[in-house]
Amino acid sequence: MTPYFTRRHAAILLGLSATLAHAQSGAKLEEVKVFAEKLGRNTLETTSSVSVVTGEDINARGITSLAEILDSIANASMTENGQFSLRGVSSGGVDGNEFNSQTATVFIDGVAQDRVGLHYGMRDLFDISQVEVLRGPQSTSQGRNALAGAVLISTNNPGDNWDSHVRLNYGIYDGGANTGNQFYGTAFASGGPITDSVGARIVLQDRHSDGYLAQRDTGDKRYGQSDQQMARAKVSWQPAGLPDFSALLSMSYGESQLPPTKYYLRPSSEAYTSESNTEEVYKATLRAMSLNLDYQLNNHLSLSSISSGLRNTNYTLYDTDYSRDADSYYDLRSDNRNHSQEFRLNFRYERVRGVAGVYYGVFDDGYTSIFGDDIVPIIPVPPFSDFSYAEADYAFSRSDNIENTAIFAEADIDLSQRLTLTLGLRYDREDRSQKLPFTITHADAYTCLNSDCSTTLPPLDVTQLVIASGLFPESGQQSGDASYDAWLPKVALRYALSEQLGVFFVVNQAYRAGGADVLFSTGEVKEYEPEYTNNAELGFRYQSADARYTASSNIYYTEWQDQQVQVLTEAGDDSYRDNAANSELYGAELELQAQLSDRVSAYLALAYAHTEFSDFVTSGREYTGNEFARSPSATGSVGLSWRHPSGWHAAANLDHTGEFYSFADNEANSLNEARTLFHARAGYENANFAVQLIGRNLSNKEYTSFSQLWEKQSNRYGRTEDGLLVTHGAPRSIALQVDLYW
């Protein structure tokens, strides 16, 4: 087993701790509220496994992205394409298929992000109030797509006084094939009261990166470049004549162009170099809005309305074979529109506190996929497949209209001064309507006259032949309607052993609604049913009397039934989702935070996650006993921060992610090795100015977050040897960041 940290990494942090430690003083860790549960509990009162990172933590630890937060907490990790794992369950699903519906959701100012938003959203964390990461099912409080957990990001609201913040950063990549490639960005935030009752805040961000991928044949060192822009505005209103009422409107707009995340790596190729010969495009436009209305009815009751809307459009064009020779391409255009409305009534009495609410959401997700010059062997048996093939142009679309309705309630009931019972229940219903049109434009057959297929006979139109042979369905549309519902209970007991130490035990049920896939080869619609998890968790929370130390730990077990996984047809030439698996997962987490002195703080996060299919067989392939895709069993992080009264500061941390497979087959070629990354920063700040030097992956560890066997094909495909389709993590980077405050 790979050790959590190397001796060299440990020595670095031990040396720092010895240098920075001072006599203990009265410094305290701040009290933190957990808003995701909608009950306003603090971290000692919650019965969820939650990690909270405040805006102060983000600044003190030099955190710049959501990925850095997830990599620094227990049982969480994030990949370069925006997918993340909580307790070994990937947000994209357990089998490695990237187009499954989400098992976990990120909310930004109350707006649930779809797959496009996760991948293309602004990756820098700037002007953030708080980030909450909830591990384990959150179906009772968050509803759909929260079976594995949820992440809530809250940005800063308009304050009582005007303040402004400018950030400038510039850095270089110092590793891989493109040492010296640059990245830089600017960000601006400003807000405060406009009148006695109205406040506003605006945030602007712009970021450019040359990236760290090169194009092998052209020598283009900026093949992996990206550009992102984002604008966000918030307006608050608290009318003088209605002091118990408040309103907050949030709006954001973003444009993003990102680099390819995967490339074909031959055994003879250099890492971080791609040989794709299609000019690849990954663009998105992101729009989001939320409106929160809150009214304090009396000392015991408050009413809230939460409205949200999202529209994300995406255009993707990439090389389907990822090689230099074939000319096939994939054109994907998506347009997702989501709207939701929630009403909540919070109540707080001497021995009972809780929330009850209703929810309604509409999710219109649609995309069109266009394949051009896609190569299909007419006789898919060697050696015939090496000299006869067809190039086909075709398109298929998918339109999902989902209506989600829910009622929910959760309450804390004090059975005694020390014992609290929590009861929760959610009724969730989804009504789904799907349309799946398919069009084949043409298919031309070619016969090679030499070994590399550079000379062929004139093409022949074989469109009807490939349809008759079952390689493609006839042009047309499939459609279907379905409804799914579930009652999702939650029961928890929390016992206060003292004012500083509490233990809890919780059981709950979560689910993810069903849906339908279409078989590419025949056009047949395959419906799949909902999946369910039964969950049990034991945990403790501790905070020292002087509020300088906190600790939390959780032990959990989940039984997953009727699991939605990708399965193969009997012929093995197509795949679809089906309720073909059952599984179990269990593990433990430990998180510690300490304010060692006025100048030194530290944190430690350790976790173990075991995932295993207890029953999973597809097309004669036995996956029973395998672990989930993107499911590292060991994660951990340790960090130290030092801050001198004069303004000088420094911080360092180690983040560890254990090895994991990219697919549920657990083949050796999909294994991503364990990694331990070392990050550090140092700088100076005062009330109006801050400057710091930030180093990421300082040991220049080369690692992958995705790996897939990319097998040898005919010469026409351009793949004359087995290789890997991989995603590499970022090499070492050094950046200078300057912040101005007024």
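Residues numbered from 1 in each chain as written. Predicted model: local features only at pLDDT ≥ 70, side-chain atom pairs only at ≥ 80, totals over all residues. Heavy atoms only, no water.

K.L.:
Hey, could you run me through unusual backbone geometry in this one?
P.N.:
Negative phi is the rule for most residues except glycine; trans is the rule for most peptide bonds. One non-glycine residue with positive phi stands out, namely R87, at about 55°. Relative to the helices and strands, R87 is located in the loop between β5 (84-86) and β6 (89-90). Of note in the backbone geometry, N666 takes a positive phi value of approximately 55° without being a glycine. Among the structural elements, N666 can be located in the loop between β37 (660-661) and β38 (671-672). Since its relative accessible area comes to 17%, N666 is described here as buried. (Helix = DSSP H or I, 4+ residues; strand = E, 2+ residues; numbered from the N terminus. Buried < 20%, exposed > 50% of the residue type's maximum accessible area, 1.4 Å probe, protein only.)

K.L.:
Can you help me understand the pattern of salt bridges in this one?
P.N.:
Summed over all chains, the structure comprises 29 salt bridges. With a closest N to O distance of 2.9 Å, R353 and D414 form a salt bridge. On the criterion of sequence distance, the pair formed by R353 in strand β22 (residues 352-376) and D414 in strand β23 (residues 388-414) is long-range, its members being 61 residues apart. Take R353 and D414: they sit in the same class, and that class is buried. The shortest N-O distance in the salt bridge between E410 and K490 comes to 3.0 Å. Taken together, the residues span a long stretch of sequence, with E410 in strand β23 and K490 in strand β26 (residues 476-496) at a distance of 80 residues. Salt bridges sharing partners connect three or more residues here, namely E37, R41, E410, D412 and K490. (Salt bridge = Lys/Arg side-chain N within 4 Å of Asp/Glu carboxyl O.)

K.L.:
What is the right way to look at the environment of Y318 in this model?
P.N.:
Residue position: Y318 is located in strand β20 (residues 301-319). Spatially, the C-alpha atom of Y318 lies 4.6 Å from that of E280, the residues being 38 residues apart in sequence. Non-local contacts of Y318, meaning those with residues more than four positions away in its chain, are made with T278, E280, Y282, Y329 and Y330. (Contact = heavy atoms within 4.5 Å.)

K.L.:
Explain the pairing of strand β16 (residues 245-257) here, please?
P.N.:
Walk down a regular strand and you will see the side chains alternate between the two sheet faces. With 11 bridges connecting them, strand β15 (residues 226-237) and β16 associate as antiparallel partners. Across the sheet, R232 pairs through a bridge with S252, a residue of β16. Of the strand pairs in this sheet, β16 and strand β19 (residues 281-296) are connected by 13 bridges, and their pairing is antiparallel. Bridge assignment links G254 to a residue of β19, and that residue is L286. (Pairing = 2+ DSSP bridges.)

K.L.:
Explain the confidence of the model for the protein here, please?
P.N.:
When pLDDT drops low, the exact placement of atoms in the prediction is not to be read closely. Per-residue confidence for the protein gives a mean pLDDT of 86; residues scoring 70 or more make up 91%. Counting contacts from residues 1-26, a segment whose pLDDT is below 50, to residues more than four positions away or on other chains yields 49 contacts. (pLDDT = per-residue confidence, 0-100.)

K.L.:
What is the right way to read the nonpolar core from this model?
P.N.:
Counting 39 residues, the largest nonpolar core has L70, F84, V131 and V151 as its most contacted members. In terms of residue count, the dominant contributor to this core is strand β31 (residues 549-568) (four residues). Non-local contacts of V131, meaning those with residues more than four positions away in its chain, are made with S51, V52, V53, I58, L66, I69, V151, L152 and I153. (Core = buried A, V, L, I, M, F, W, Y, C linked by side-chain atoms within 4.5 Å.)

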